[in-house]
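Single-letter residue listing:
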Amino acid sequence: MTESTAHNFNADPSELDNFNRLSSTWWDTEGEFAALHKINPFRLDFIKRHQAIEKQSILDIGCGGGILSEALAQAGADVTGIDLAKEVLTVAKLHGLDSGIKVNYQLIAAEDYAEQHPAEHDIVTCMEMLEHVPNPAAIIQAAAEAVKPGGWVFFSTLNRNYKAYLLAIVAAEQLLNLVPKGTHTYDKFITPAEMDAMARHAGLYLRDSAGIEFNPLLNRYGLNDQVDVNYLLAYQKAI
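Reading the values: the criteria
- Residues numbered from 1 in each chain as written.
- Predicted model: local features only at pLDDT ≥ 70, side-chain atom pairs only at ≥ 80, totals over all residues.
- Heavy atoms only, no water.
- Phe/Tyr/Trp six-rings, centres within 6.5 Å; stacked < 30°, edge-to-face > 60°.
- Helix = DSSP H or I, 4+ residues; strand = E, 2+ residues; numbered from the N terminus.
- Buried < 20%, exposed > 50% of the residue type's maximum accessible area, 1.4 Å probe, protein only.
- pLDDT = per-residue confidence, 0-100.
- Contact = heavy atoms within 4.5 Å.
- Core = buried A, V, L, I, M, F, W, Y, C linked by side-chain atoms within 4.5 Å.
- Pairing = 2+ DSSP bridges.
- Right-handed = clockwise from strand over helix to strand, strands pointing away.
- Axes fitted to C-alpha atoms, helices over the stretch in contact; angles between N-to-C directions.
- Parallel < 35°, antiparallel > 145°, perpendicular 65-115°, else oblique.
- Left-handed = near helix turned anticlockwise from the far one by under 90°.
- Nonpolar A, V, L, I, M, F, W, Y, C, P; charged D, E, K, R; others polar.
- Patch = residues over 30% accessible without salt bridge, like charges linked within 9 Å, V, L, I, M, F, W, Y side chains within 5 Å.
- Areas by Shrake-Rupley, 256 points an atom, 1.4 Å probe, with all protein chains shown as cover.
- Salt bridge = Lys/Arg side-chain N within 4 Å of Asp/Glu carboxyl O.

Undergrad: I'm lost on the packing of aromatic side chains in this one. Help?
TA: Centre-to-centre distance and the angle between the planes together describe a pair of aromatic rings. With the rule as written, the count across this model stands at 6 aromatic pairs. For the ring pair Phe46 and Phe154, a centre distance of 6.0 Å and an interplane angle of 80 degrees mean the geometry is edge-to-face. Taken together, the residues span a long stretch of sequence, with Phe46 in helix H2 (residues 34–50) and Phe154 in strand E5 (residues 147–158) at a distance of 108 residues. Neither residue differs from the other here; Phe46 and Phe154 are each classed as buried. On the numbers, 6.0 Å between centres and 70 degrees between planes, the contact of Phe155 with Tyr235 is edge-to-face. Placement of the pair is Phe155 in strand E5 and Tyr235 in strand E8 (residues 230–237), with a sequence separation of 80 residues. Considered together, Phe155 and Tyr235 belong to a single accessibility category, that of buried residues. Through pairs of rings, three or more aromatic residues link up here, namely Phe19, Trp26 and Phe33.

Right, here's the structure in full:
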């Protein structure tokens, strides 16, 4: 794995420590990351809606334990997954050995990777990661630099409003234990308008959006057109 340079360490050490501490539970579908396992098919469907995955070169920024990375590779893509949480990446690599699904995992910052591999990938994904870093604009810029002209970039994150606070923090973390306590910080949530401003500055153009419905009480999951809580955005880089 490649070590990231210090000047591009765009991460919160406390966030990395939290994810590393929970790394052993990453692939427990009923454990603390169960929510990621439940929404992953919908993230995959959203990508497929816009771009075929098979035989595509895909970069997964903030890949964590590899839930999306493995799904993309299983669908026939050539996948590179990058993250700065060392113990979580170890879990991703070990799970890949067990599953037989090949992903190229690297311990490297998105900014460094993009500098080393400009315009290399057909697709770049960055899911549930931007709300965990000090400088999300730099991650968005790196994603834009790593994708080929005309290529697709997919983001998901959490909107910043009262409803998102109640559902993502109060309900999901504090009441229902759907995600580990302390996973999210409300002030780091990003509105769609803020996301689009950063993306346009990076040379990315919005093509589609969708909300992720996650309602364990009603056992109802899927994509909808509401971006008021957890939302997905599809961007394309200019040719």
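Undergrad: I would appreciate a short explanation of the confidence of the model for the chain in the present structure.
TA: Low-pLDDT stretches of the model should not have their predicted coordinates read in fine detail. Put simply, the chain has an average pLDDT of 89, and 87% of its residues get 70 or more. Within the model, pLDDT remains below 50 along residues 1–7, and this stretch shows 17 contacts once partners closer than five positions in the same chain are excluded.

Undergrad: What exactly am I supposed to notice about the nonpolar core here?
TA: For soluble globular proteins, nonpolar side chains are generally found buried alongside one another. Residues Trp26, Ile47, Ile53, Ile58, Leu72, Val79 and Phe154 are the most contacted members of the largest nonpolar core, which totals 40 residues. Residues contacting Ile53, with those up to four places away along its chain left out, are Leu44, Ile47, Lys48, Ile58, Leu72, Ala75, Gly76 and Ala77. Listed in part, the 30 residues of the second largest apolar core include Ala114, Ala146, Met195 and Leu204.

Undergrad: Just to check I follow, could you spell out the pairing of strand E2 (residues 78–83) for this structure?
TA: If a strand is regular, its side chains alternate between the two faces of the sheet. Of all the 6 residues making up E2, 5 are buried; the element is thus mostly covered by neighbouring parts of the structure. With 5 bridges joining them, strand E1 (residues 57–61) and E2 adopt parallel strand pairing. Bridge pairing links Asp60 to Gly81 in E2. Pairing of E2 with strand E3 (residues 104–107) involves 4 bridges; the strand directions are parallel. By the bridge assignment, Thr80 is partnered in E3 with Asn104. Crossover E2 to E3 through helix H4 (residues 86–99) is right-handed.

Undergrad: Just checking my understanding: could you explain unusual backbone geometry for this structure?
TA: Both trends apply: most residues other than glycine have a negative phi, and most peptide bonds are in trans. Backbone geometry at Ala119 places phi at a positive 50 degrees, although glycine is not the residue there. Note that Ala119 resides in the loop between helix H5 (110–116) and strand E4 (121–127). Assessed through its relative accessible area of 34%, Ala119 is described here as partly exposed. With phi around 50 degrees, Glu128 is a residue other than glycine that occupies positive phi space. For Glu128, a relative accessible area of 15% translates into the label buried.

Undergrad: I keep staring at helix H3 (residues 67–74) and nothing clicks. Help me out?
TA: Residues spaced three or four apart along an α-helix point in a common direction, a consequence of the helix completing one turn every 3.6 residues. A large share of H3 lies buried, amounting to 7 of its 8 residues. Considered for burial, the residues of H3 that qualify are Ile67, Leu68, Ser69, Glu70, Ala71, Leu72 and Ala73. Buried residues along H3 sit against H2, E1, E2, H4, E3 and E4. Of the residues one or two after H3, Gly76 is the one with positive phi, at around 105 degrees.

Undergrad: Which parts of the structure should I look at to understand the packing of helix H6 (residues 136–146) against helix H8 (residues 192–201)?
TA: Each pair of packed helices gets described by two things: the angle between the helix axes and the distance between those axes. Where H6 contacts H8, the two axes come as close as 9 Å, and the packing angle between them is 45 degrees. In this view, H6 runs oblique relative to H8, as classed from their interaxial angle. The two elements H6 and H8 meet at a crossing, and its hand is right-handed. Every residue of H8 that contacts H6 at Pro136, Ala137, Ile140 and Gln141 is listed here: Met195, Met198, Ala199 and His201. Looking at side-chain class alone, the contact of H6 with H8 contains 6 nonpolar, 2 polar and no charged residues.

Undergrad: Would you take a moment to explain a nonpolar patch on the surface for this structure?
TA: Residues Tyr162, Leu166 and Leu167 make up a contiguous nonpolar surface patch of about 320 Å² in total accessible area. Mapped onto the fold, Leu166 is located in helix H7 (residues 162–175).

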